[in-house]
Amino acid sequence: GKGNFRHFMEKELHEHPAVLGDTLQQYLDPGSRAVSLPPLPFDPATVPRLTMSACGSAFLAAQVGRYWIEQLARIPVDADVASELRYREPPLAEGGGAILVSQSGETADTMAALRLLRAGGQKVLSVVNVPESSMARESDGALLTVAGPEIGVASTKAFTAQLALLACLAIGFGRARGKLDEAQARLLAHTLTEVPGHAAQILEQDEEIRAMAAEVAKARDVLFLGRGALMPIAMEGALKLKELSYIHAEGYPAGEMKHGPIALIDSAVPVIALCPTGPLFEKTASNLQEAAARGGRIMALTDAVGARALRGFAERVIVLPTVHPFAAPILHAIPVQVLAYHVAVLKGTDVDQPRNLAKSVTVE
Ligand code: F6R
C-alpha cells in the first residue's frame, strides 16, 4: 500500500535513500571502498566497444552511464534509444559488448535491441530491476538494481538505482582498464557511499521545491538545461514534467541553447538549470546569463558555491548538498522528479497513472 503517502510516486520518492543504499551495497564494499563486480559477459579490460540502449528514462540513465564509462574507463560507447538502434543497422564491433537498461525487463523495443545485438555477436549485459524478467533471461548476463517494485508509472527510484549501478560499473571498468588508480577509484566509491545520505537531505527540501513547482505550474513551456552528465538529467526533468503535468517541456544541452531554443525564451518560460560546481560550471552559468538577459526566469539547482555565482541573476536557487561532480547527476535527478510530482499535484493530474501511459510497454 501507499502507507501515509498520498500517491505511490510520493512513497517511491521517499524510498530513494534506501534504494540507493541497497543498490550500491550490491556492487560496492563500504568498508574497503572498492567496487566489486560479478563476472560479466564481456571483459571490460579488453572489450573494444560498448553499445548502450534502452527506452525513455532508462535510456537517459544509460546516457549518463555512457558519459561516466567513457570518462573513467576510456571505452568508446555508442548510445541509442532501442527503437532507433534496431533500424539503424549499426556496424557492430567484433568482440563488442552491450549494456541494456530496463526497470521492467519487458520493454518490447529494448528486447528487440537485445536480440539484434546478440545476433550481431555482441555480449549483452542487462541492467534490470526484475530478476525473472525476459531481458534477464535472454541476456548473457544481468545485474540487478535493488529498487523494489515500482508502482508509479513514471519511473523514479528505479531510475536513480540505475544511475547508482552504472556509476559502480564505470569505476569497475576504469580499474579493469587501468585508467583509474586505486586511490582515484576509492575516492569515487567513497563519493557514492555518501549519496544515500545526500538523497535524504534533498527530500527534506520538499517545501522549497514545492514553492518552485507553484511557479512552474503556471507555465505553458519549460526548458531544462544541463551540460555533460547533467544533460541527460535535464532531459529526464523535462520527460517527467511532460508525463506527469502535461506541460510542454524540453531538455537541452546548455551550450546548444544559443543554436535555436533561445528563440523560445521570454518572461513566461521558466529555465530550470542543473548547474553544480565542477569543470563545466562557468560555461553553463554563462549560458544561463544569456537566457536571463533575454528575460528568461532562471531557476537553478546547484550547490552552495554555485549558488553564490547564480543568485545575481537567478529568480530561484535550490541549494543541494556539495558533492564530487561524479555524484552530481544522481543527486540532481531527485529534485527534478520531486518538482514534476508537485507540479502534477498542483495541476490535479493523475500522478500515479498519467494518461496514455503504461508501466511496461510491450508493443513496438
Ligand atoms: C518515464 C518512464 C519510461 C520508462 C520506459 C522504459 O518515467 O518510466 O520512459 O523508463 O518506458 O521502461 P523500462 O525501464 O521498464 O524498460
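Residues numbered from 1 in each chain as written. Predicted model: local features only at pLDDT ≥ 70, side-chain atom pairs only at ≥ 80, totals over all residues. Heavy atoms only, no water.

The name that an unreviewed UniProt entry assigns to the protein is Glutamine--fructose-6-phosphate aminotransferase [isomerizing], with the source organism given as Falsiroseomonas selenitidurans. As recorded by UniProt, the Subcellular location (unreviewed entry) comment attached to the protein reads in full: "Cytoplasm". The UniProt entry for the protein carries the following comment under Function (unreviewed entry): "Catalyzes the first step in hexosamine metabolism, converting fructose-6P into glucosamine-6P using glutamine as a nitrogen source." (UniProt positions renumbered as here; feature names shortened; annotations may be inferred.)

The next thing to look at is the sheet that holds strand E3 (residues 50-54). Taken together, five strands build an open sheet; the order of strands is E4-E3-E5-E6-E7 and the sheet is parallel. The sheet is open, and its two borders are formed by strand E4 (77-81) and strand E7 (141-144), each paired with just one other strand. Within this sheet the neighbouring strands show an average axis-to-axis angle of 20°, counted without direction. The pairing of E3 with strand E5 (residues 97-102) spans four bridges and is classified as parallel. Counted as the bridge partner of Met52 is Ile99 from E5. Sheet strands in contact with helix H7 (residues 157-176) are E3, E5, strand E6 (123-128) and E7, and its direction is about 160° off that of E5. (Pairing = 2+ DSSP bridges. Helix = DSSP H or I, 4+ residues; strand = E, 2+ residues; numbered from the N terminus. Axes fitted to C-alpha atoms, helices over the stretch in contact; angles between N-to-C directions. Contact = heavy atoms within 4.5 Å.)

The sheet built from five strands is open, its strands ordered E9-E8-E10-E11-E12 with parallel pairing. Of all the strands in the sheet, just strand E9 (248-253) and strand E12 (316-319) have a single pairing partner and so form its edges. Pairwise comparison of adjacent strand axes, ignoring direction, gives a mean angle of 15° for this sheet. Sheet topology places strand E10 (residues 270-274) next to strand E11 (residues 297-302); five bridges connect them, and they run parallel.

Taking 1.5 Å of rise per residue, twelve residues should cover 16 Å, and helix H5 (residues 108-119) covers 16 Å from first to last C-alpha, within 8% of that figure. All buried positions along H5 are accounted for by Ala108, Asp109, Thr110, Met111, Ala112, Ala113, Leu114 and Leu117. Buried residues belonging to H5 abut E3, helix H4 (82-88), E5, E6 and helix H6 (134-138). The first or second residue beyond H5 is Gly121, which carries a positive phi of 80°. (Expected span 1.5 Å × (residues − 1). Buried < 20%, exposed > 50% of the residue type's maximum accessible area, 1.4 Å probe, protein only.)

Within the secondary structure, Ile334 sits in helix H14 (residues 328-347). Setting aside anything within four residues of it in sequence, one finds Ile334 in contact with His16, Leu20, Thr160, Ala199, Ile202 and Leu203.

Counted according to the given criterion, the structure contains 16 salt bridges. Here Glu182 and Arg186 are joined by a salt bridge, their closest N and O atoms 2.6 Å apart. Pair noted here: Glu182 and Arg186 are both in helix H8 (residues 182-193), with a separation of four residues, about one helical turn. Lys218 is paired through a salt bridge with Glu215; the nearest N and O atoms lie 3.2 Å apart. Through salt bridges with shared partners, a single network forms among Glu215, Lys218, Arg297 and Glu315. (Salt bridge = Lys/Arg side-chain N within 4 Å of Asp/Glu carboxyl O.)

Tallying each qualifying case throughout the model produces two aromatic pairs. Taking the centre distance of 5.9 Å and the plane angle of 75° together, the rings of Phe42 and Phe173 count as edge-to-face. On the criterion of sequence distance, the pair formed by Phe42 in the loop between strand E2 (34-35) and E3 and Phe173 in helix H7 is long-range, its members being 131 residues apart. By relative accessible area, which is 6% here, Phe42 ends up buried. Owing to a relative accessible area of 0%, Phe173 belongs among the buried residues under this scheme. Above the plane of the ring of Tyr246 lies Arg355, whose end atom (NZ or CZ) is 3.8 Å from the centre. (Phe/Tyr/Trp six-rings, centres within 6.5 Å; stacked < 30°, edge-to-face > 60°. Lys NZ or Arg CZ within 6 Å of the ring centre and 35° of its normal.)

Two strands pair when backbone bridges link them, and E11 and E12 are joined in this way by four bridges, in the parallel orientation. Opposite Met299, over in E12, you have Arg316 as the bridge partner. After leaving E11, the chain enters helix H13 (residues 304-310) and then returns to the sheet as E12, a path that is right-handed. (Right-handed = clockwise from strand over helix to strand, strands pointing away.)

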